[in-house]
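Residue-level structure breakdown
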Amino acid sequence: VCMLCCQVEVDPNICGCKKVRKGLCFHTYCVFLASETYLDEALNGFRISDIKHAILEASKKHCFVCSKMGAAITCWTRGCGRSFHLPCAFQGECVTQYFGLYRSFCWEHCPQQLLQVDPEQKRTCSICLETLDNERAFKIMVCPACQDAWFHRSCIQKQALHAGISFCCPCCQNEELFVLAMLNMGIRLFRRPPSWESDRAWKLDNQQRRHCDAGICLCPGGREQAEEEGPWELLLCFSCAAEGTHRGCSCMRTISTHWECNDCA
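A quick note: this is a predicted structure, and the numbers were derived from the prediction, not measured.

What counts and what doesn't
Residues numbered from 1 in each chain as written. Predicted model: local features only at pLDDT ≥ 70, side-chain atom pairs only at ≥ 80, totals over all residues. Heavy atoms only, no water. Helix = DSSP H or I, 4+ residues; strand = E, 2+ residues; numbered from the N terminus. Contact = heavy atoms within 4.5 Å. Buried < 20%, exposed > 50% of the residue type's maximum accessible area, 1.4 Å probe, protein only. Pairing = 2+ DSSP bridges. 1 Å grid on protein atoms, 1.4 Å probe; cavity = no way out; pocket = protein on both sides within 12 Å on 5 of 7 lines; lining within 4 Å. Points joined across faces, edges and corners; volume = space filled by probe spheres on them. Nonpolar A, V, L, I, M, F, W, Y, C, P; charged D, E, K, R; others polar. Phe/Tyr/Trp six-rings, centres within 6.5 Å; stacked < 30°, edge-to-face > 60°. Lys NZ or Arg CZ within 6 Å of the ring centre and 35° of its normal. Core = buried A, V, L, I, M, F, W, Y, C linked by side-chain atoms within 4.5 Å.

Further remarks concern the environment of Ala 145. Topologically, Ala 145 is positioned in the loop between β11 (140-142) and β12 (150-152). Residues Ala 145 and Asn 174 lie 29 residues apart in sequence; the distance between their C-alpha atoms is 6.7 Å. When sequence neighbours within four positions are dropped, the list of residues in contact with Ala 145 reads Cys 172, Asn 174 and Leu 177.

Below, the structure is given as structure tokens:
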């Protein structure tokens, strides 16, 4: 169980991969977004003391969405005391920004998009083609470049997952304005090739690059050995697929399905 969100089964695309450090279990983005935690660049990760402090402080706060204790994330707006768990953010209409200072906002103080609403026009999601309500709402997003592409928040998040480094407006193909707006509104982007490029050549290239990049490889067969399961199963980074690790070399449990390299995490 993550000691910050107090949950086991969560969406790794939102909460990140689960890690265990000196008896502390946490999701990477539960730590990034937690109040009063700081990245130690020298250690290429979080200081254990900061993680312990975040867990202690979270244990004193209740989530305004589910009312349970352990809410590590607090609204960035000064004077607002609302705290919440990362997996509860969507249900509570909270925005968490996966860049820069990794700020978080409750439903009252989250950034808003100004939508040009026409009461007589029925708009549809440009991805799933279902009808959208013509109102400014948490679950509706719009491309700032063309103003014609409207989306469900969940649809554009899935699009970002599959598009990876090719993420842009599906309608006007704008990248700069669109990406900045989506980041600001809490859409997580992924630094990896788009899923539709997973052809035979890409798979062969991945197979050629499969080796353990851990600082110290503990596998008796060496960095190139990869087994189907167990401690010497080789996992590629969930975000970039450029680095890999044996489960045993990164102290990963067999139930963990995702791993991220230090650069992506």
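Another point: the pairing of strand β2 (residues 24-27). For a regular strand, the rule is simple: side chains alternate between the two faces of the sheet. With burial as the criterion, each face of β2 is covered, one bearing Leu 24 and Phe 26 and the other bearing Cys 25 and His 27. Pairing between strand β1 (residues 18-21) and β2: four bridges, direction antiparallel. If you follow Val 20 over to β2, its bridge partner there is Cys 25. Following β1, the chain reverses through two residues before pairing antiparallel with β2; Lys 22 in that reversal takes a positive phi of roughly 50°.

Here we come to empty space enclosed by the protein. According to the stated counting rule, one finds one cavity of 30 Å³ or more in the structure shown. In this structure, the largest cavity occupies an estimated 30 Å³ of space. Surrounding the largest cavity, Leu 4, Cys 5, Cys 30, Ala 72, Ile 73, Phe 84, His 85 and Leu 86 form its lining. Grouping the constituent residues of the lining of the largest cavity by class yields seven nonpolar, one polar and no charged.

The subject of this paragraph is the side chain of Ser 83. Summarising the element assignment, Ser 83 is placed in strand β6 (residues 83-84). With residues up to four places along the chain from it excluded, the contact list for Ser 83 reads Lys 61, His 62, Cys 63, Phe 64, Ala 71, Ile 73 and Thr 74.

Before going further, it helps to examine the packing of aromatic side chains. As enumerated under the stated definition, the model contains eight aromatic pairs in all. Ring geometry for Tyr 29 against Phe 32: centres 5.6 Å apart, planes inclined by 35°, an arrangement best described as tilted. Of this pair, Tyr 29 and Phe 32 both sit in helix α2 (residues 28-32), three residues apart, which is roughly one turn of the helix. Joined through ring pairs, the aromatic side chains of Tyr 29, Phe 32, Tyr 98 and Tyr 102 make up one cluster. Positioned above the aromatic ring of Phe 138 is the side chain of Arg 153, whose terminal nitrogen or guanidinium carbon lies 4.1 Å from the ring centre.

Across soluble globular proteins, nonpolar side chains have a tendency to be buried as a group. Counting 28 residues, the largest nonpolar core has Leu 4, Phe 26, Tyr 29, Leu 33 and Leu 86 as its most contacted members. Of all the elements in the fold, those that place two or more residues in this core are β2, α2 and α3 (48-58). When sequence neighbours within four positions are dropped, the list of residues in contact with Leu 86 reads Ile 14, Cys 15, Tyr 29, Cys 30, Leu 33, Ile 73, Thr 96 and Tyr 98. Ranked by size, the runner-up nonpolar core spans 22 residues in total, among them Ile 140, Cys 143, Cys 155 and Ile 187.

That's the geometry; what it means functionally is another story.
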